[in-house]
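One letter stands for each residue in the lines below.
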Amino acid sequence: MARPQPPPWVHAAVLLCLLGLGGAIEIPMDLSQPPTITKQSVKDHIVDPRDNILIECEAKGNPAPSFHWTRNSRFFNVAKDPRVSMRRRSGTLVIDFRSGGRPEEYEGEYQCFARNKFGTALSNRIRLQVSKSPLWPKENLDPVVVQEGAPLTLQCNPPPGLPSPVIFWMSSSMEPITQDKRVSQGHNGDLYFSNVMVQDMQTDYSCNARFHFTHTIQQKNPFTLKVLTNHPYNDSSLRNHPDMYSARGVAERTPSFMYPQGTASSQMVLRGMDLLLECIASGVPTPDIAWYKKGGDLPADKAKFENFNKALRIGSVSEEDSGEYFCLASNKMGSIRHTISVRVKAAPYWLDEPKNLILAPGEDGRLVCRANGNPKPTVQWMVNGEPLQSAPPNPNREVAGDTIIFRDTQISSRAVYQCNTSNEHGYLLANAFVSVLDVPPRMMSPRNQLIRVILYNRTRLDCPFFGSPIPTLRWFKNGQGSNLDGGNYHVYENGSLEIKMIRKEDQGIYTCVATNILGKAENQVRLEVKDPTRIFRMPEDQAVKRGTTVQLECRVKHDPSLKLTVSWLKDDQPLYIGNRMKKEDDSLTIFGVAERDQGSYTCVASTELDQDRAKAYLTVLGRPDRPRDLELTDLAERSVRLTWIPGDDNNSPITDYVVQFEEDQFQPGVWHDHSKFPGSVNSAVLQLSPYVNYQFRVIAVNEVGSSHPSLPSERYRTSGAPPESNPSDVKGEGTRKNNMEITWTPMNATSAFGPNLRYIVKWRRRETRETWNNATVWGSRYVVGQTPVYVPYEIRVQAENDFGKGPEPDTVIGYSGEDLPSAPRRFRVRQPNLQTINLEWDHPEHPNGILTGYSLRYVPFNGTKLGKQMVENFSPNQTKFTVQRADPVSRYRFTLSARTQVGSGEAVTEESPASPNEAYTNNRADIATQGWFIGLMCAIALLVLILLIVCFIKRSRGGKYPVREKKDVPLGPEDPKEEDGSFDYSDEDNKPLQGSQTSLDGTIKQQESDDSLVDYGEGGEGQFNEDGSFIGQYTVKKDKEETEGNESSEATSPVNAIYSLA
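One structure accompanies this document, and this report is about it.

The rules behind the values
- Residues numbered from 1 in each chain as written.
- Predicted model: local features only at pLDDT ≥ 70, side-chain atom pairs only at ≥ 80, totals over all residues.
- Heavy atoms only, no water.
- Helix = DSSP H or I, 4+ residues; strand = E, 2+ residues; numbered from the N terminus.
- Buried < 20%, exposed > 50% of the residue type's maximum accessible area, 1.4 Å probe, protein only.
- Contact = heavy atoms within 4.5 Å.
- Areas by Shrake-Rupley, 256 points an atom, 1.4 Å probe, with all protein chains shown as cover.
- Patch = residues over 30% accessible without salt bridge, like charges linked within 9 Å, V, L, I, M, F, W, Y side chains within 5 Å.
- Salt bridge = Lys/Arg side-chain N within 4 Å of Asp/Glu carboxyl O.
- Polar contact = N/O pair within 3.5 Å; in protein donor to acceptor, adjacent residues only side chain to side chain.
- Pairing = 2+ DSSP bridges.
- Axes fitted to C-alpha atoms, helices over the stretch in contact; angles between N-to-C directions.
- Phe/Tyr/Trp six-rings, centres within 6.5 Å; stacked < 30°, edge-to-face > 60°.
- Lys NZ or Arg CZ within 6 Å of the ring centre and 35° of its normal.
- Disulfide = S-S within 2.5 Å.

Of the regular secondary structure elements, the chain holds 8 helices and 81 strands. Looking at the chain as a whole, 44% of its 1062 residues qualify as buried. A fraction of 65% describes how many contacts in the chain between residues 6 or more apart in sequence connect residues 24 or more apart. By element, 49% of the accessible surface of the chain is carried by carbon and sulfur atoms, the whole surface being about 55,600 Å².

Moving on, we get to a nonpolar patch on the surface. On the surface, a nonpolar cluster with roughly 690 Å² of combined accessible area is contributed by Leu942, Leu943, Leu945, Ile946, Ile949, Phe952 and Ile953. You can see Phe952 is positioned in helix H6 (residues 931-957).

What follows covers the side chain of Arg891. By secondary structure assignment, the location of Arg891 is in strand S78 (residues 891-900). Within the local environment of Arg891, its side chain forms a polar contact with the side chain of Glu911, the two groups lying 3.3 Å apart.

With that settled, consider the sheet that holds strand S16 (residues 191-193). Strand order in the open sheet formed by 3 strands is S13-S16-S15, and the pairing between neighbours is antiparallel. Only two strands of the sheet have a single partner each, and these edge strands are strand S13 (152-154) and strand S15 (183-185). Along the sheet, successive strands turn relative to each other by an average axial angle of 20°, direction set aside. In the sheet, S13 pairs with S16 via 3 bridges, with the strands oriented antiparallel. In the sheet register, Leu154 faces S16, and the bridge partner there is Leu191.

In total, this model carries 19 aromatic pairs according to the counting rule given. Ring plane angle 40° and centroid distance 5.2 Å describe the contact between Trp763 and Tyr782, whose orientation is recorded as tilted. A residue pair is termed long-range when its members are at least 10 positions apart, and Trp763 in strand S66 (residues 758-765) and Tyr782 in strand S68 (residues 781-785) qualify at 19 residues. You can call Tyr782 partly exposed: its relative accessible area is 27%. Among the aromatic residues, ring-to-ring pairing joins Phe827, Trp841, Tyr854, Phe874 and Phe881 into one connected group. Over the face of the ring belonging to Tyr427 we find Lys43, whose NZ or CZ atom lies 4.2 Å from the ring centre. Arg271 extends its terminal NZ or CZ atom over the ring of Tyr349, reaching a point 3.8 Å from the ring centre.

Further remarks concern the pairing of strand S74 (residues 853-862). Taking burial as the measure, the 10 residues of S74 include 8 buried ones, the bulk of the element. Relative to S78, S74 is paired through 9 bridges, and the arrangement is antiparallel. Note on S78: the bridge partner recorded for Val859 is Arg893. Bridging between S74 and strand S76 (residues 870-874) involves 5 bridges; their strand directions are antiparallel. Its bridge partner lying in S76, Tyr858 is registered against Met870. Direction of pairing for S74 relative to strand S75 (residues 865-866): antiparallel, over a ladder of 2 bridges. Bridging across to S75, Asn862 finds its partner in Lys865.

Enumeration according to the criterion identifies 6 disulfides in this entry. Each sulfur of the disulfide joining Cys463 and Cys512 lies 1.9 Å from the other. On the sign convention where negative is left-handed, the bridge of Cys463 and Cys512, at about 60° about the S-S bond, is right-handed. Residue Cys463 is found in the loop between strand S40 (459-461) and strand S41 (465-468), and its partner Cys512 is found in strand S45 (residues 508-516); the two are separated by 49 residues along the sequence. Taking the relative accessible area as the measure of exposure, Cys463 reaches 2% and is therefore buried. Assessed through its relative accessible area of 1%, Cys512 is described here as buried. Each sulfur of the disulfide joining Cys554 and Cys603 lies 1.8 Å from the other. One quick way to see it: the torsion about the S-S bond of Cys554 and Cys603 is about -75°, and its sign makes the bridge left-handed. Note that Cys554 is positioned in the loop between strand S49 (550-553) and strand S50 (555-557) and Cys603 in strand S55 (residues 599-606), a separation of 49 residues in sequence. What connects to what in the chain, once the bonded cysteines are numbered by sequence position, is 1-2, 3-4, 5-6, 7-8, 9-10, 11-12.

Structure follows, in structure tokens:
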């Protein structure tokens, strides 16, 4: 961020300034006064022949002046020429060619005279010239034959135009000629070749002249070059050779000057003009040019180098720029220098220009005309356009060289005096009138002005006045009697009051009083002091990446009585607020920053009295520009040096360069990374592989991203050699059960090393150690057929090209194709208890490949009913598995198979052993579906209803009844009423009766009196042989059988109920 200096506050007091601090006092136009020239054409007036001619001359005076002209020092009678007219109330000449005529007929030197009764004023002598655009003379140009390395000058010699045309060189197809320190255009328009190269024949050369007024371009017939050379142009190895000239057979030469010739020359320049010194040298290699000034340094503030250091320009020269300058042309063969003696002359320039003189009758005064030049100019005085010597004598006037003295001036002394000072390089003409007036003071500005100013600023209050004799002026504040002058106040000769630094207490009413012997006049100015406008939070310099959002702050304090306007400039020009920008009162936001947004941003906070500015620079970080001008040098058998010119880093330093290559044999058009180099280098030696036709390009990298690739370099082919490596990733795998496919990663262009790259493939069975089989392959695979299933092979793949074989390859083990495996061996199913089933198996006898795992499918079944099938997959090393049974009744059927990558092989199936109670469980399920059983159940339901009625009656009576002796089956030991032999219906009427029960699924539980192997069990677990035969005892208790067997609620046995009631 930066605040512009000096402070830019512009306030009303300065804007209301009517007169310069030391300027002449103007006579009011209502008073009599001699003529004054106010506008005139330039001394050298060049006009367009297609337009009417306008020669300007305007003047003021009272009475209004009349005008007449001279042409070539003779009276020009405007009335006699119908084409010439004079504008009304003006002396401007208009020459009209709409009705015909030739503008050239009016060329000459014109001078305007403005006259009234008090005198005559003169314009400058105006030289009228018509612009000329002559045609180029027709000529037939023979081809220019030149030896390579020799210097050459193609002369332009444009036709003389007015003004001089702008010269530039192009081809006949209007393509600009590329210029550099070897080929460049001189100031005279000629095209100079320090040394000619064979590539200069690629185009022709035509000189073009552009004329200013007609806006036309004329083209000279083109030059055609024929360069005699020892080597063809398309020999890239020579064109990029580090010592290119000697490689081409061009003799190296010390420099010599083509322009200017010789060792010394001289040049004259006029003061105030630009000095242009030029040195163009030939030589091989192309010389470098340096400039020096003898006895001192070049003026750093005015000197500028142009045209590849071949020209030195010094702007607005002065006498101290005279002296000896020399240019030094040097190359590795030597150096020479040329000395240019510079003389600075000067057309006349003013030291003291005469000014209008206003006197009262009887006053004294003087006119001074002082000028300088080289040579020193002469001074000639005239009065009313006539030489002073021929004017009537005036006893009150005395001429003393460059000064005219007036004493006791009278009314008759009024006139216009001309001072003409001239030398051989030009002239100056000034008009100054002497006016004798007797006028009391008068004020020239509006009365009671309000002027608002900014606190702490320097301010000037103007009080323009007039009077003759010239009045004296005094200033007062708020009606105080003391004159304001000194300290913080300063009164200038023209009456302006300057307040050096405004303070709050300076606010008030200021009165200016002008006084002379004829009276006085006064005026008042009311001064208001306002607070300054200040940016207290300024925008800051920022560096942002392209595409991001940036905000520039600008917060302002200002006087609340003034209207504030905040605007923005970009690069000191008004900023267009597009749709990507948002301007608020205190900030500017830019969305999606682009490269064109980079630049300086100035916040301008303005009121009608002042403004404040704050500037910040926005740097947009972008990807670097592409490198250019790639060049191959130091060409060797296995290396080359690549040099490039870096592109613009776009404000983010280049960190890396990535060099890529492309070859046109194996993968044409595909670019590969070759190497990476630091961003500080622009030249690198690249290691190359044999037999590759290289082409390179370079990519620049910075923190923002990568540049576009450079344009590719020229191609460079290396010589061939036998391969130094063999293909990688050699594998042997079967795609079918009776083959083996050998594959490898083919070698790329940089490892082929020669033409006709091929591969020698060898294989043999590993166990047999048989003789190697071999085949020559051009691709990247080979299939061996008729192989046994999944046997190992030894494999070798060796690279070979037309230059020889690669090194001995490594041996790789591969396998022929796989097949489905045989069934797993010894599949065993064991049931240690009713909750789990254990499975075990052995690997297949013939895996026929690499086992990838086992698949187990099993399903529970109960009679004819099947449960949900389950699938388990195991790793190839797993040979055991345990199944948790869902219930103790169902059996399971297991199917197991092994897998290879071909698929699942032969399966083996086993079932879990059958339990002893499975038979009657099945019978129960079958009985539940019989018709007689359904009828029985209905009869039992009726008995239950009768039982419930009887129980209700008994319950109403209460008491205990002996029931043990009425039951056919004794109570179990778990019966809580066994001790007293009675059954209490009133207390335990909700207890289920003992006896056989029927479940909702139709199975019938056996009664306690039924014989069962379980009744004889001794608590041990049941055991079975492998074939499922019973070898143990049932250990399931009756209570457990009754609770677990009844998965749903059961009806009370009606038989037991009847027994209990009997």
